[in-house]
Amino acid sequence: MNRRLLVVNPGSTSTKIAVYETAERKSDKQILREILSETLRHNADELQSLGAIADQLQFRKQVVTDALKENGYQLADFTAIACRGGLVRQIPGGTYRVNDALVRDCRIGVSGQHASNLGALIGSELENESGVPAYIVDPPAVNELAEIARYSGHPSIERTCVWHALNQKAVARRYAASVGKAYEELNLLVCHMGGGVSVGAHVGGKVLDTEDAVSGEGPFSPERAGSLPVDKVVDVCFDGNMTKDEVKQMFTRKSGLLAYTGTNEMQVLLQKAAEGDASVQEALDAFYYQVGKEIAAMSVAMKGMVDQIIFTGGIAHSNVVTSAIASLVDWIAPVTVYPGEDEMLALAEGVLRVLTGEEEAKEYK
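A word on the packing of helix α2 (residues 57-70) against helix α4 (residues 118-130)
The geometry of α2 relative to α4 is characterised by a closest axis approach of 10 Å and an angle of 60 degrees between their N-to-C directions. Here α2 runs over α4; the crossing is right-handed. Where α2 abuts α4, its residues Leu57, Gln58, Arg60, Lys61, Val64 and Thr65 lie against Leu118, Leu121, Ile122, Glu125, Leu126 and Glu129. Classifying every residue of the contact of α2 with α4 gives 6 nonpolar, 2 polar and 4 charged.

Printed below as a string of structure tokens:
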């Protein structure tokens with residue numbers, strides 16, 4: 001049975017759409033073929049004038065439907081709609097049907113306001129108009145942490161995670177398929193490196209430990225501070241120079257390599273280091289060291305029995321970066337690199353697994 005999937009991925013100032021069709025079978029599995037991919041860009045001032053993120057819904061939905069019409073598609077042409085998951089409640093990984101509870105939590109921003117919250121809202125509207133079922137796949141708030149990994153050090157704070165769940169799980173499945181095994185059969189350490197960095201300990205199909213990469217756990221990244229000494233953070237919070245929001249911005253958007261070097265552009269930093277800038281090289285070495293240390297720490301979740309280490313995310317396009325970090329951790333396990341973050345394909349693949357019966361759709365409650 002041939003299937004056609006619509007993928008919708010809202011970002012801060014753009015909405016990406018893609019259309020995938022199932023092609024020839026390979027090893028009894030349907031293969032997805034991309035037949036349309038567009039990035040619909042929005043004026044930031046226009047979006048701001050609409051108000052809160054949820055208030056952008058009708059504007060964004062109209063942009064999507066207009067683009068489909070321009071390319072000769074109607075909603076009825078699709079088997080299913082795959083939407084980017086937003087900052088929902090902490091839930092297990094998987095593919096979820098868009099329902100009223102999910103729409104409610106995305107609308108109010110139960111775990112924070114982000115443009116990705118619009119994914120389920122757009123999907124719900126399109127489903128209501130066409131009857132085509134809408135899904136989300138592995139949203140950032142996927143939480144499969146082992147019970148002991150939830151301990152923070154104080155009972156008033158439980159460790160949670162916001163991480164690159166969609167891409168991490170997609171590349172983990174991709175690697176498993178490449179060696180002829182199921183994702184659930186392997187112990188994988190997956191390191192996503194982009195604006196933020198997250199390292200996941202994938203054990204038996206679940207991520208038993210990873211970071212709240214948005215709030216700042218783990219290694220520092222191009223713009224995030226990572227884990228910091230608590231007493232120094234308290235000093236910053238109470239010195240009276242910054243508001244609560246300014247402190248959060250400093251640690252999550254204005255720290256890391258950006259604070260040390262003045263830029264968060266990895267290619268710029270690598271060029272400066274290659275030209276002999278010793279201070280930039282030292283900052284990069286510190287970044288490599290912290291990422292490597294986090295990978296080694298996460299290997300404890302699988303008692304050191306790691307089948308493969310996987311690097312992914314935008315920064316993984318650099319052989320200089322991946323080689324430097326691999327040299328610190330390849331004593332743990334061999335390293336494979338899947339550069340970039342193919343979110344659109346990952347969303348389509350998640351929905352296809354449900355449509356083919358490989359896994360069951362979960363209900364968001």
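Text resumes after the structure shown.
Observations concerning empty space enclosed by the protein
Per the stated rule, a full pass over the model turns up 2 cavities of 30 Å³ or more. In this structure, the largest cavity spans a volume of roughly 40 Å³. Of the voids in this model, the second largest cavity is the one considered here, and its volume is about 30 Å³. If you trace the second largest cavity, you find it lined by Gly196, Val197, Ala213, Gly216, Glu217, Pro219, Ser221, Arg224 and Gly226.

A word on a nonpolar patch on the surface
Together, Val230, Val234 and Phe238 make up an exposed nonpolar region whose accessible area comes to about 350 Å². Inspection of the secondary structure assignment puts Val230 in helix α6 (residues 230-238).

Examining the pattern of salt bridges
Overall, the coordinates contain 17 salt bridges when judged by the stated rule. Across the salt bridge formed by Arg150 and Glu147, the nearest N and O atoms sit 3.5 Å from each other. Residue Arg150 is classed as buried on the basis of its relative accessible area, which comes to 19%. Given the relative accessible area of 59%, Glu147 is considered exposed. Residue Arg159 is joined to Glu217 by a salt bridge in which the shortest nitrogen-to-oxygen separation is 3.0 Å. Linking Arg159 in the loop between β8 (157-158) and α5 (165-178) with Glu217 in the loop between β11 (206-209) and α6, this pair joins segments that are 58 residues apart in sequence. In this structure Glu217 comes out as partly exposed when scored by relative accessible area, which is 25%. Bridged by salt links that share partners, the residues Arg4, Glu21 and Arg33 form one connected network.

The rules behind the values
Residues numbered from 1 in each chain as written. Predicted model: local features only at pLDDT ≥ 70, side-chain atom pairs only at ≥ 80, totals over all residues. Heavy atoms only, no water. Axes fitted to C-alpha atoms, helices over the stretch in contact; angles between N-to-C directions. Helix = DSSP H or I, 4+ residues; strand = E, 2+ residues; numbered from the N terminus. Left-handed = near helix turned anticlockwise from the far one by under 90°. Contact = heavy atoms within 4.5 Å. Nonpolar A, V, L, I, M, F, W, Y, C, P; charged D, E, K, R; others polar. 1 Å grid on protein atoms, 1.4 Å probe; cavity = no way out; pocket = protein on both sides within 12 Å on 5 of 7 lines; lining within 4 Å. Points joined across faces, edges and corners; volume = space filled by probe spheres on them. Patch = residues over 30% accessible without salt bridge, like charges linked within 9 Å, V, L, I, M, F, W, Y side chains within 5 Å. Areas by Shrake-Rupley, 256 points an atom, 1.4 Å probe, with all protein chains shown as cover. Salt bridge = Lys/Arg side-chain N within 4 Å of Asp/Glu carboxyl O. Buried < 20%, exposed > 50% of the residue type's maximum accessible area, 1.4 Å probe, protein only.

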